[in-house]
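Residue-level structure breakdown
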Amino acid sequence: MWIFGYGSLTWKTDFPFTRKVVGCVTGYARRFWQGSMDHRGVPEKPGRVVTLVENPEEKVWGIAYHVAESDIASVKKYLDYREKNGYTTKALTFYPLQLEQQSVQEPFQVLVYIATPGNPAFLGPAPLEEIANQIVRSEGPSGKNRDYVLHLATTMRELVPNCHDPHLFELETIVKRLAQGTAKEHVEALEALIGSTENEDENLLKIQVMVKQDQEKLGIEDCLAKHKAHMKMQASTPAPPSMKTKFFEAVSGAEGTPSQMSNPNFRLQMWGRWSFQ
């Protein structure tokens, strides 16, 4: 049995196989039209993952995995469970990528998991900006939805350098832009609240709300990682010692003296400890 992977199966198999071949299926397009409530999102806030939709003008690159006869039953059971959120199987013809240094490889049949429009989790088409906004704000048991997009785009470039998939690569560009913009906005807003001399208690409550929002939408650790230079610059900006101390105690669960909080390195350490809570 051969299994064709065109999404997360291209980098995360978690089942035994004897051989893998890079290639494509034709007459289909890869689209982020399937909702994910069990991997890259949750029921109340689903993410978006790929499925195949019929398009006679396109092809979808991925990897075909050969499963030994002795493993077919267990692998099929595993994949049925993994793809339970709306996917069904279909047999398609797979065309191996032809390499100059290898002999010609003939097409063969593969089993493909496809989420069709009739399934309850199907979200369907939407403007790429809208899809990207949903992805940037979604996370599930398997991780952040945007990591799925970025990993898939990177994998496709590595497997097939001339891969033509504008839907995937344009979405990747928008997701990166939105993630960076959101991170910058959060960092600047948090620094403004910390540096304010007005309404310290009210600001502290706002900061705590923003912490929760960051964790839900983007992850403050990404804010810190992507804008470390900005944080270093802001760390040298004076802020009320009382506010620094209150903030540190609230989000880090530790005590910090005003003199410690005025130290830029200590403030960076504070941000780092807070970001991974």
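Residues numbered from 1 in each chain as written. Predicted model: local features only at pLDDT ≥ 70, side-chain atom pairs only at ≥ 80, totals over all residues. Heavy atoms only, no water.

**Regarding the pattern of salt bridges**
Summed over the entire model, instances satisfying the criterion amount to 9 salt bridges. When the shortest N-O distance is used, the salt bridge between Lys12 and Asp14 registers 2.9 Å. A relative accessible area of 41% places Lys12 in the partly exposed class. For the salt bridge of Arg82 with Glu83, the shortest nitrogen-to-oxygen distance reads 3.8 Å. Summarising the burial analysis for this pair, Arg82 and Glu83 share the class buried. A single network of salt bridges, built from pairs that share partners, joins Arg157, Glu172 and Lys176. (Salt bridge = Lys/Arg side-chain N within 4 Å of Asp/Glu carboxyl O. Buried < 20%, exposed > 50% of the residue type's maximum accessible area, 1.4 Å probe, protein only.)

**Observations regarding helix 2 (residues 128-136)**
Among all positions in helix 2, only Leu128, Ile131, Ala132, Ile135 and Val136 are buried. Down the axis of helix 2, the sector holding all buried residues measures 130°, keeping them to one side. (Helix = DSSP H or I, 4+ residues; strand = E, 2+ residues; numbered from the N terminus. Arc of directions from axis to C-beta.)

**Comments concerning the environment of Arg31**
Topologically, Arg31 is positioned in strand 2 (residues 19-36). With a relative accessible area of 14%, Arg31 lands in the buried category. Those residues within four positions of Arg31 in sequence are excluded, and the remaining contacts are Val49, Val50, Thr51, Val53, Glu58 and His167. Here Glu58 takes part through its side chain, which lies 3.0 Å from a polar atom of the side chain of Arg31. (Contact = heavy atoms within 4.5 Å. Polar contact = N/O pair within 3.5 Å; in protein donor to acceptor, adjacent residues only side chain to side chain.)

**Focus on the nonpolar core**
Phe32, Leu52, Val110 and Leu171 are the most contacted members of the largest nonpolar core, which totals 50 residues. Broken down by element, this core gets its largest block of residues, 8 residues, from strand 3 (residues 47-66). Discounting chain neighbours no more than four positions away, the residues touching Leu171 are Phe32, Leu128, Ile131, Ala132, Ile135, Val149 and Pro166. (Core = buried A, V, L, I, M, F, W, Y, C linked by side-chain atoms within 4.5 Å.)

**Points about the pairing of strand 4 (residues 87-96)**
Where strand 2 lies against strand 4, 3 bridges are found, and the strand directions are antiparallel. Looking at strand 4, one finds that Cys24 is bridged to Tyr95. (Pairing = 2+ DSSP bridges.)

**Looking at the packing of aromatic side chains**
Counted according to the given criterion, the structure contains 9 aromatic pairs. The interplanar angle of 65° and the centroid separation of 5.7 Å between the aromatic rings of Trp11 and Tyr148 together place this pair among those described as edge-to-face. Of the two residues, Trp11 sits in the loop between strand 1 (2-5) and strand 2 while Tyr148 sits in helix 3 (residues 145-159), which places them 137 residues apart along the sequence. A relative accessible area of 24% places Trp11 in the partly exposed class. Between Phe15 and Phe17, the aromatic rings sit 6.3 Å apart at their centres with planes inclined by 70°, giving edge-to-face as the arrangement. Note on Phe15: relative accessible area 7%, which makes it buried. In textbook terms, an aromatic cluster arises when at least three aromatic residues are bridged by ring pairs, as seen for Trp2, Phe4, Tyr6, Phe94 and Phe108. In this arrangement the basic side chain of Lys84 is found over the ring face of Tyr81, its NZ or CZ atom lying 4.1 Å from the centre. (Phe/Tyr/Trp six-rings, centres within 6.5 Å; stacked < 30°, edge-to-face > 60°. Lys NZ or Arg CZ within 6 Å of the ring centre and 35° of its normal.)

**Structural notes on unusual backbone geometry**
Backbone geometry follows two general trends: most residues other than glycine have a negative phi, and most peptide bonds adopt the trans configuration. A positive phi angle, near 60°, is found at Asp14, a position not held by glycine. Residue placement: Asp14 occurs in the loop between strand 1 and strand 2.

**Some remarks on the pairing of strand 5 (residues 108-115)**
Taking burial as the measure, the 8 residues of strand 5 include 7 buried ones, the bulk of the element. Where strand 1 meets strand 5, 2 bridges bridge the pair, whose relative direction is parallel. When the sheet's bridge partners are listed, Phe4 is paired in strand 5 with Val112. Pairing between strand 4 and strand 5: 8 bridges, direction antiparallel. Paired with Ala91 across the two strands is Leu111, which belongs to strand 5.

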